[in-house]
Amino acid sequence: MNFTRRQILAGLAGVSVLGLGAGGARYWLGRPDEAKTHDYELIAAPLDVELVPGHRTFVWAYGGQAPGLELRARQGDWLRVRFVNHLPEPSTIHWHGIRLPLEMDGVPYVSQLPVLPGEYFDYRFRVPDAGSFWYHPHIASGEQLGRGLVGPLIVEEREPTGFRHERTLTLKSWHVDAQGAFSAFSVPREAARGGTPGRLTTVNGEAVPTLELPAGQIVRLRILNLDNTLTYRLGLPDAEARIYALDGHPVAPRPLGEEYWLGPGMRLELGLRVPAAGAELSLRNGPLRLATLKSVTSGEVSGDWPAALPANSLAEPDLAQAETLRFNIEWAGALSESVTQGGGFKFWQINGQAWDIGDRSCAERPIATLRQGRSYVFELRNVSQYQHPIHLHGMAFKVLDSNRRTIVPYFTDTYLLGRNETARVALVADNPGVWMFHCHVVDHMETGLMAAIKVA
Ligand code: C2O
Ligand code: CU
Ligand code: CU
């Protein structure tokens, strides 16, 4: 592949600097449609924020905030983002869950060359599906996502959906100490287990915030797990809440139930009936409070439950003709001989192969090659004691069944494979390219649990 689209910034030309705030540079983000060449100018740059009261944390921000600026587009439209790198190291942007051409997928040396400090790159693609997606680098993910380079990408339906109100809630836990200083993003003994957890849990960058919602209305809550490691066990005790979409694709609305396990990279869209003014609900992770949802007086007449969201147009896999491919996800700690040779740790593997994040040629050895247009069933077998949110780039897949739980088949880009679970998912290989197929626990993907799947 020819990589040509990186551009070098002439000094700061093309970047509007708003001014220096106290303690750090703050950048202004161009508004959509202001320029003809792009809808957003998304600058990645260091920023100091107050995550821990009274202390400063030097995060890396997209558009002057961490988690990053919420990008929005309408289904079927082009999204054009000029990504400007003002970080001290190379980066890229991957658009998680968006079905797009390979050269826009943000994977270094597969889709594009890394965007070096002082360079920009124009991402330009159509967004075929409405739903809640997100974006993040695909280089040095532990550190770059850990420092705050994660942001929501919302694709709106073309027609009104019946939801008049919506809120985006991004979940992230930060690897910071009590003074707000970063601690290790990855600790080997944790990477070999469930991944290195952050210490400070936030919603929209704030620890246990109070979010005000209009009384009596049905609000669409887009809950995005942008965390490196944590699976959130989401609950809204005493709330009337229904699931409307999973990971960007609509489902037939159903009650939220007691707990929904949202793994790293996954998204949950709820309809929530906001109770009478003054009432408070608690969004929980297991027994822990993540946020308080406070009902405030609204002048509007009460809303009613919207109908199901319109389905995205995804190709239905032909199960009768599909070929089955098996993927075993294994713990491989015993095979970490590369460590003694000075290489990275290899704790995880797929079908006996461990991905080497330091080896640019890995993508040339795909774990499977699919014929374009054909249907496939992937049998995902987790033979480890830890769960893995298994993610595929470039295409959505349909979850069919599992030996551990009852599945109502649905389309997704990330499936949380429980310990010792075997699940079957199916897809039509309709997007040519070399697509990353990996666990979204960043520690796992960086210590082996990633592979490439080729569609040709
Ligand atoms: Cu969020 Cu390789 O993906
Ligand atoms: Cu992705
Ligand atoms: Cu994993």
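Remember, predicted model here, so these are calculated numbers, not experimental data.

**Observations concerning the sheet that holds strand β33 (residues 450-455)**
Pairing within the open sheet is mixed, and its five strands lie in the order β25-β33-β32-β27-β30. The open sheet is flanked by β25 (368-370) and β30 (414-417), the only strands paired with a single partner. Put simply, the sheet's adjacent strands are angled 20° from each other on average, direction ignored. Direction of pairing for strand β27 (residues 388-392) relative to β30: antiparallel, over a ladder of four bridges. Along β30, the bridge assignment pairs His-388 with Leu-417.

**Comments concerning the coordination of the copper ion (ligand 3)**
Around the copper ion (ligand 3), the protein contributes the donor atoms His-388 (ND1), Cys-439 (SG) and His-444 (ND1), at 1.9 to 2.1 Å from the metal centre. Donor residues binding the copper ion (ligand 3) come from one chain and are separated in sequence as H-x50-C-x4-H. Here His-388, found in strand β27, pairs with Cys-439, found in strand β32 (residues 433-439); they are 51 residues apart in sequence, far enough to count as distant. Comparing His-388 with Cys-439, the two get one shared label, buried.

**Let's talk about the confidence of the model for the protein**
Residues of the protein with pLDDT of at least 70 account for 91%, and the chain-wide mean is 91. Here residues 11-33 is modelled with pLDDT under 50, and outside its nearest four sequence neighbours on either side it reaches 47 contacts, counting other chains as well.

**Quick word on the pairing of strand β16 (residues 232-235)**
As judged from the three bridges shared by β16 and strand β19 (residues 260-262), these two strands associate in the antiparallel manner. Bridge pairing links Tyr-232 to Leu-262 in β19. Here β16 pairs with strand β21 (residues 280-285) via two bridges, running antiparallel. The residue bridging Gly-235 from the neighbouring strand is Arg-284, located in β21.

**Thoughts on the packing of aromatic side chains**
One pass over the full model with this rule turns up 14 aromatic pairs. When the ring of Phe-378 is compared with that of Phe-437, the centres are 5.8 Å apart and the planes differ by 70°; the resulting orientation is edge-to-face. Remark: Phe-437 occurs in strand β32 and Phe-378 occurs in strand β26 (residues 375-382); sequence separation between them is 59 residues. The class of Phe-378 is buried, set by a relative accessible area of 2%.

**Brief notes about unusual backbone geometry**
Excluding glycine, residues mostly carry a negative phi; peptide bonds, for their part, are mostly trans. In this model, Ala-66 is joined to Pro-67 through a cis peptide bond whose omega is -10°. Tracing the chain through its elements places Pro-67 in the loop between β5 (57-62) and β6 (71-74). Positive phi, normally seen in glycine, also occurs at Asp-247, with a value near 50°. Residue placement: Asp-247 occurs in the loop between β17 (240-246) and β18 (249-255). Residue class for Asp-247 comes out buried when judged on its relative accessible area of 0%.

**Section: the coordination of the copper ion (ligand 2)**
The coordination sphere of the copper ion (ligand 2), as far as protein atoms go, consists of His-94 (NE2) and His-391 (NE2), spread over 1.9 Å. Remark: His-391 occurs in strand β27 and His-94 occurs in strand β8 (residues 94-96); sequence separation between them is 297 residues. A single burial state applies to His-94 and to His-391, both of which are buried.

Here is what the cut-offs are and how they apply
Residues numbered from 1 in each chain as written. Chains lettered and ligands numbered in written order. Predicted model: local features only at pLDDT ≥ 70, side-chain atom pairs only at ≥ 80, totals over all residues. Heavy atoms only, no water. Pairing = 2+ DSSP bridges. Helix = DSSP H or I, 4+ residues; strand = E, 2+ residues; numbered from the N terminus. Axes fitted to C-alpha atoms, helices over the stretch in contact; angles between N-to-C directions. Donors = N, O, S within 2.8 Å, 3.2 Å for Na, K, Ca; no water. Buried < 20%, exposed > 50% of the residue type's maximum accessible area, 1.4 Å probe, protein only. pLDDT = per-residue confidence, 0-100. Contact = heavy atoms within 4.5 Å. Phe/Tyr/Trp six-rings, centres within 6.5 Å; stacked < 30°, edge-to-face > 60°.

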